[in-house]
Amino acid sequence: MTDTTVAPSTPIDRKSSIRAFLGQLNASTWIGVFIVLALVLAAIFAPQLATHSPARQSIMDQLALPGSQFWLGADQFGRDIWTRLLYGARYSLTIGMSAILVALVVGTVIGMIAGYVGGRIDIIFMQVMDVVLAFPSLILGLALVALMGATLTNIIIAIAFTATPAFARIARAGVITQRDREYVQACRAMGFSGPRILFRHIMPAILPEVMVMASLWMATAVRTEASLAFIGLGLAPPTPTWGGMVRDGFDNILSAFHLAIIPSLAILLLVLAFNLIGDGLRDAIDPRLKDAS
Amino acid sequence: MNKSPVISVRNLSISFGRTTVVHDLNFDIAPGSTLALVGESGSGKSVTSLAIMGLLPERIGRAKGSIALEGRELLTLSEPSMQKVRGGRVSMIFQEPMTSLNPVQRVGDQLAEVIRIHKGLRGAALKEAVLDMLRKVRIPDPEVRMHQYPHTFSGGMRQRVMIAMALACNPALIIADEPTTALDVTVQAQTLALLKDLQRETQTAVLFITHDMGVVAEVADNVLVMRRGREIESGTVHEVFSAPKDAYTRSLIEAAPSLVGKFAETRTPPQPVQGVPVSYAGDAPVLEVNDLTVRFPVRSGFFGRLTGMVHAVEHASFAIGKGETLGLVGESGSGKSTIGKAIINLAPIDSGEVRVSGQRVDYGDPQSLARMRRDVQMIFQDPFGSLDTRQTIGSAIMEPMLVHGLAKRAEAFEKMQWLMERVGLDPARATSLPHEFSGGQRQRICIARALAMSPKLIIADEAVSALDVAIKGQIIDLMIDLQKEFDVSYLFISHDMAAVERICDRVAVMYFGEIVEIGKTEDVIGHPGHDYTRRLLSAIPITHPDQRGKRPLPSVDLTKPRSPIKPLEYRAPPPSWSMASEGHFIRSAS
């Protein structure tokens, strides 16, 4: 009813609208962004920041307490925890982000096609996705890694596989709400091809939701990777992974609890950061949810 | 006005944050009288009604001045006392009957809830009160209907239920916010008549919010015209219509259709003709539609068995000449939009053929389809919905040219800039996004986009219906100018008779999927031959309050409502036509 038109003679500055969007993000989102950025930098500059070599063992320094030589102590083989934490960030971030990237691309494309084409294709695609979704993601990832072997690529594939249905579902739902909008009909009336309408016109409309999903699932991916490593299906030792470090420290939890606690805190930090970003993005995109919480 | 007013508004100003949207408004409404609050969208008329109801958004909306209902100041009333006023002393009828009833509650229960809360009735007395109200608003079979859900009610019946809910507690004031805007004209006429009758009975004061001067002429006693939050004119309805002081008021009054409502009897008795009449201006038709039929399957039951067909369009035939405009009028559900959609392959065609420039369109052949899509363009109703919100308008205008390979990027860019100028937009704004434009401007963008393909025919599906009166006139003028310049033909689909009368050379009237009358605009509107056309025309609101009561009310269709859903074995009887004058054909009643 009320007219919402912008004064026609004042074109809106596109840059300022991006700035306006960033301005909508709340403080906790920025904390999340800051943590992730810090961890990414730490992973990139691990060789410069490390005080030792990640694989260097030393019987003399077994279970050393945090101090000037080993900032966060050393593990049961005398390896520097600070160094291994830095290198471990590389694997956690690489696996988490690339697995979600794969899941995002594959899942979104499947969901968009299912939603746009509809009919039998929709039923088949989404039934397959539902079957995948029915398995707990850890169990499914575990089975896949056990089957294919614990290499970096395989772990990424396994985690991506478990995350794909979530993206397919959200993309399909988005496409279905957009599909019958008048602008899509207008596109069809002008003779645009299906893929063009789907990827040029509909996709930008559903991407924000997909991005929110991606950052929330990145937290899950990091957790799944750590869990796999914890039960011994991660990258083979001596590769430093956070999940593997927790498992190693678990044996000495009573005598040297910092071995397990420190990598656990790192995992917690990263998962928390991704969740903060996801929640913040969702609030900024859909302001209605802000009041609900 | 010797009676003390029901509501008295003094120096009312309403602001949202720092912007003031209503300035210094004053009015009174006496018992049993109707004040029409007229203005275009954004003029502050709905906000005013929200302020009276105490429903301004909390924290950001602030009202100053005084609103006194039966001598009691409302602005300073506490929320609990306000709740008693709302629905008890003041009630409201909303614009959208489809959404203002709760779809998962029985109609009777919804009505009962209002009565129970405000009157405290229980049990049998409550049921009797509900039935009584439904009878008052002339719902047929109220005993059966009260147990049904809103989706089984038509728009007009839902609006009557809303009126029943509004009247249920004998309010002193009813606020009706565009109550008939979403209804078809014949239903609108019935609804307005009902509201008037009930008002006479109950002596309720009515604040009637509308943008339609025709409706004002029908119902109002006093008029207050608003623009940009200020009163620009007020007075009795006769004063305002006979001697409007302000130029804006005059333009609103003049926007009403002039021919309609003054039709004469057909001059000569129509002569029967053989076959299906098709006529057009000029030598060769741009568009020919022969015997077009569109049906949608109705499935029911667990296995989705085909139980019937919706006959959306039945054996429609017409043609449009070069540079000619054919109007397709009819009420919602008459199949007029479906014809437009079927032509450009947005709805499936069951039988019949479509020819563009003499060539038959083969909907199975991609090449033929692509050719048709170059030659035929469409402009949609909702200028907010038909543009991709994330695409700059320049890119939106260029895209069809590029997709169809009609121009290289540089040429397309040049043509886009030229087109923007032609439709009255600054080419420098090509990089703006749709939301930075007003509704009228967006419709200009859509027109530019349609013209980019140098089409032979543009289908305008309710293209001006969503626009304010003044903007509507501008867009119609633009369309007429562009037609002269580009020699393009229009299929102008609309329920808006004023617009049809201005732009169309010929008009086809549709009723339940069939064309019942077709001919030159002045013939069809001036000398309607078919019963339905007469009913449609007589339902259009009058243009001056002096005409009140001089015209017979549209006869309510007492026959069982026709349903477009037909059993599978249904065969439509062959139509027979007669000719009233050259090119003016009337379908005989079957």
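Just so we're clear, the structure is a prediction, and the values are computed from it rather than from any experiment.

Caption draft 1: Here's a closer look at the UniProt feature "domain: ABC transporter" (unreviewed entry) in chain B. The sites that UniProt annotates as "domain: ABC transporter" (unreviewed entry) are residues 7-253 and 287-537 of chain B. Along residues 7-253 of chain B one finds 40% helix and 26% strand; the C-alpha atoms at either end are 27 Å apart.

Caption draft 2: Geometry of the sheet that holds strand β22 (residues 565-567) of chain B. Residue and element names in this part refer to chain B. As summarised here, the arrangement of the 5 strands in space is β16-β15-β12-β13-β22, forming an open sheet in which the pairing is antiparallel. The open sheet has two edge strands, β16 (359-360) and β22, and neither has a second partner. Sitting on the sheet, helix α11 (residues 336-343) touches β12 (285-300), β13 (305-321) and β15 (351-356), and the angle it makes with β13 is about 80°.

Caption draft 3: Here's a closer look at the nonpolar core. Judged by nonpolar contacts, the single largest core of 239 residues is most densely connected at Leu111(B) and Val509(B). Among the elements that take part in this core, helix α4 (residues 81-117) of chain A stands out by supplying 17 residues, more than any other. Both domain 1 (7-254) and domain 2 (322-349 + 359-559) of chain B contribute no fewer than three residues apiece to this core.

Caption draft 4: Spotlight on the interface of chain A and chain B. Across the boundary between the two partners, chain A contributes 22 residues, which contact 25 residues of chain B. Elements with a minimum of two residues in the side of chain A that touches chain B: α8 (182-189) and α9 (194-230) of chain A. When its residues are assigned to classes, the side of chain A that touches chain B shows 12 nonpolar, 5 polar and 5 charged.

Caption draft 5: Representation of the environment of Phe125(A). Residue and element names in this part refer to chain A. Inspection of the secondary structure assignment puts Phe125 in helix α5 (residues 119-134). For the pair Phe125 and Glu225, spaced 100 residues apart in sequence, the C-alpha to C-alpha distance is 27 Å. Residues contacting Phe125, with those up to four places away along its chain left out, are Ile110 and Ala114.

Caption draft 6: Broad picture of the sheet that holds strand β4 (residues 61-69) of chain B. All names here are of chain B. Ordered in space as β2-β1-β4-β5, the 4 strands form an open sheet in which the pairing is antiparallel. Two strands in the sheet have a free side with no partner beyond their single neighbour: β2 (19-29) and β5 (72-73). The strands that helix α1 (residues 45-53) touches are β1 (7-16), β2 and β4; relative to β2, the one it contacts most, it runs at about 70°.

Caption draft 7: Quick peek at unusual backbone geometry. All names here are of chain B. Positive phi, close to 60°, is recorded for Gln203, a residue that is not glycine. The residue Gln203 is located in the loop between α7 (185-202) and β8 (205-210) in this model. According to the C-beta neighbour criterion, Gln203 is partly exposed, with 14 such atoms within 10 Å. Unlike most non-glycine residues, Ser357 shows phi in positive territory, near 50°. Mapping Ser357 onto the fold places it in the loop between β15 and β16. Judged by the 15 C-beta atoms lying within 10 Å of it, Ser357 falls in the partly exposed class.

Here is what the cut-offs are and how they apply
Residues numbered from 1 in each chain as written. Chains lettered and ligands numbered in written order. Predicted model: local features only at pLDDT ≥ 70, side-chain atom pairs only at ≥ 80, totals over all residues. UniProt positions renumbered as here; feature names shortened; annotations may be inferred. Helix = DSSP H or I, 4+ residues; strand = E, 2+ residues; numbered from the N terminus. Pairing = 2+ DSSP bridges. Contact = placed C-beta atoms within 7 Å. Axes fitted to C-alpha atoms, helices over the stretch in contact; angles between N-to-C directions. Core = buried A, V, L, I, M, F, W, Y, C linked by C-beta atoms within 7 Å. Buried ≥ 20, exposed ≤ 12 C-beta atoms within 10 Å, placed from the backbone. Domains from an automatic or database assignment. Nonpolar A, V, L, I, M, F, W, Y, C, P; charged D, E, K, R; others polar.

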